[in-house]
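Close look at the chain arrangement
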Amino acid sequence: MRIAVTGSIANDHLMTFPGRFSDQLVADQLHTVSLSFLVDTLDIRRGGVGANIAFGMGQLGANPVLVGAAGEDFEEYRAWLDRHGVDTQSVRISDVKHTARFTCTTDADHNQIGSFYTGAMSEARQIELQSVVDRVGSLDLVCISADDPEAMTRHTEECRTRGIPFAADFSQQIARMEGEEIRALLPDATYLFSNEYEKELIENKTGWTEAEILAKVGTRVTTLGAKGVRIDRQGEEPILVGVPEEDAKADPTGVGDAFRAGFLSGLAWGVGLTRAAQVGCMMATLVIETVGTQEYELSRTRFLERFTKAYGHDAASEVQAHLP
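A brief structural summary. (Residues numbered from 1 in each chain as written. Predicted model: local features only at pLDDT ≥ 70, side-chain atom pairs only at ≥ 80, totals over all residues. Heavy atoms only, no water.)

Focus: the sheet that holds strand β7 (residues 112-117)
- In space, the four strands of this open sheet follow the order β3-β2-β6-β7, with mixed pairing throughout. Only two strands of the sheet have a single neighbouring strand rather than two, namely β3 (41-47) and β7. This sheet shows a mean twist of 15° between the axes of neighbouring strands, independent of strand direction.
- In this sheet, β3 lies alongside strand β2 (residues 10-16) in antiparallel orientation, the contact comprising seven bridges. In the sheet register, Thr-16 faces β3, and the bridge partner there is Thr-41. (Pairing = 2+ DSSP bridges. Helix = DSSP H or I, 4+ residues; strand = E, 2+ residues; numbered from the N terminus. Axes fitted to C-alpha atoms, helices over the stretch in contact; angles between N-to-C directions.)

Structure, rendered in structure tokens:
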């Protein structure tokens, strides 16, 4: 099963300021703020929803096709993804814009000042999925994750027109999307991904009930944080999967992307929804134990040990055959 992942590709520049922003603000001069903060640390990390999902799938040997837009500064990032099993040949390289970038400074109280430069991501709307199909032969599923809004619309419409199954994964874009946009992108999705909060937003913004949404999509996958994941399908009992025990909790950033990577890899392996959700939860656990969305290491032996402890020997035996 060949899966393409469309979505953002970005670099994160994360800095720490040892003082407090509030100590530098003068109440009656807020209308003319001009400040510069001398920071102690700078971490540059690879990110972007599409790239994070594809990286995890590559680690699992699922050979995903990453579809998105980046700048000429993408070459080092491309080499990293290529080394980790991601097909990056369908990434559009902009002639004039840099890869999207998030720059954030955090103070001693964990307050943050950040900026997001969309950059080349805005050119993702120019990518035609048919060109991807022509190159790789066929696509069995396209995961349409957070990206340039017009790109998300174009990819969704093209999947419908060409009869390519797709997964709707609005994630970070759900906050800015209006009900009309969601109502246009959601119907006919083979899978609908969200967390609990996003699930409520989708229902509130569209005005559709849970039952009405289930009638419009094939399978609804809702991540529940520490409680695991719930999978709903019209007319069937829900599937509930718990999460493995954590060794530590370092950073929750990218946990949802890691779950999707594991779940989609399970689909590519053909192991069924329950097992796919278990793989997703195991991947999410690995990421929450690591600072950075692509900094975790997937040791086959350790993965199977922890997977067996969480889900049993039968589950591990089924998954073992597919792990690289």
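Some details on helix α3 (residues 129-136)
- Considered for burial, the residues of α3 that qualify are Leu-129, Val-132 and Val-133. Angularly, the buried residues of α3 cover 100° about the axis, an arc narrow enough to put them on a single face.
- Packed against the buried residues of α3 are β1 (3-6), β4 (65-70), β8 (141-144) and α4 (149-162).
- Remark: Gly-137 follows α3 within two positions and exhibits a positive phi of approximately 105°. (Buried < 20%, exposed > 50% of the residue type's maximum accessible area, 1.4 Å probe, protein only. Arc of directions from axis to C-beta. Contact = heavy atoms within 4.5 Å.)

A look at unusual backbone geometry
- Despite not being glycine, Asn-63 shows a phi value in the positive range, around 55°.
- Considering the arrangement of structural elements, one finds Asn-63 in the loop between α1 (49-59) and β4.
- By relative accessible area, Asn-63 is classed as partly exposed at 37%.

A word on the state of the cysteines
- Tallied over the full model, the rule gives zero disulfides.
- The thiol of Cys-143 is not disulfide-bonded; the next cysteine sulfur, from Cys-159, is found 10 Å away.
- Accessibility expressed as a relative area gives 0% for Cys-143, which makes it buried.
- The structure places no disulfide on Cys-281, whose sulfur is separated from the nearest cysteine sulfur, that of Cys-143, by 16 Å. (Disulfide = S-S within 2.5 Å.)

Quick notes on the side chain of Asn-52
- Topologically, Asn-52 is positioned in helix α1.
- Residue class for Asn-52 comes out buried when judged on its relative accessible area of 6%.
- Of the polar contacts made by the side chain of Asn-52, one reaches the side chain of Gln-294; its length is 2.9 Å.
- Once residues lying within four places of it in the same chain are set aside, the contact partners of Asn-52 are Arg-46, Gly-47, Asp-257, Thr-293 and Gln-294. (Polar contact = N/O pair within 3.5 Å; in protein donor to acceptor, adjacent residues only side chain to side chain.)

Here we look at the sheet that holds strand β11 (residues 219-223)
- Read from one edge to the other, the open sheet built from nine strands follows the order β5-β4-β1-β8-β9-β10-β11-β12-β13, with strand pairing classed as mixed. If you trace the sheet from one side to the other, it starts and ends with β5 (91-93) and β13 (239-241), each paired once. Ignoring which end each strand starts from, the neighbouring axes of this sheet average 15° apart.
- Bridge count for β8 against strand β9 (residues 166-169) is three bridges, and the pairing is parallel. Paired with Val-142 across the bridge in β9 is Phe-166.
- Of the strands in this sheet, β1, β8 and β9 are in contact with α4, which crosses β8 at around 160°.
- Together, β10 (191-195), β11, β12 (229-232) and β13 form the strand contacts of helix α9 (residues 273-288), whose direction differs from that of β13 by roughly 30°.

Function cannot be inferred from these measures alone, as they are strictly geometric.
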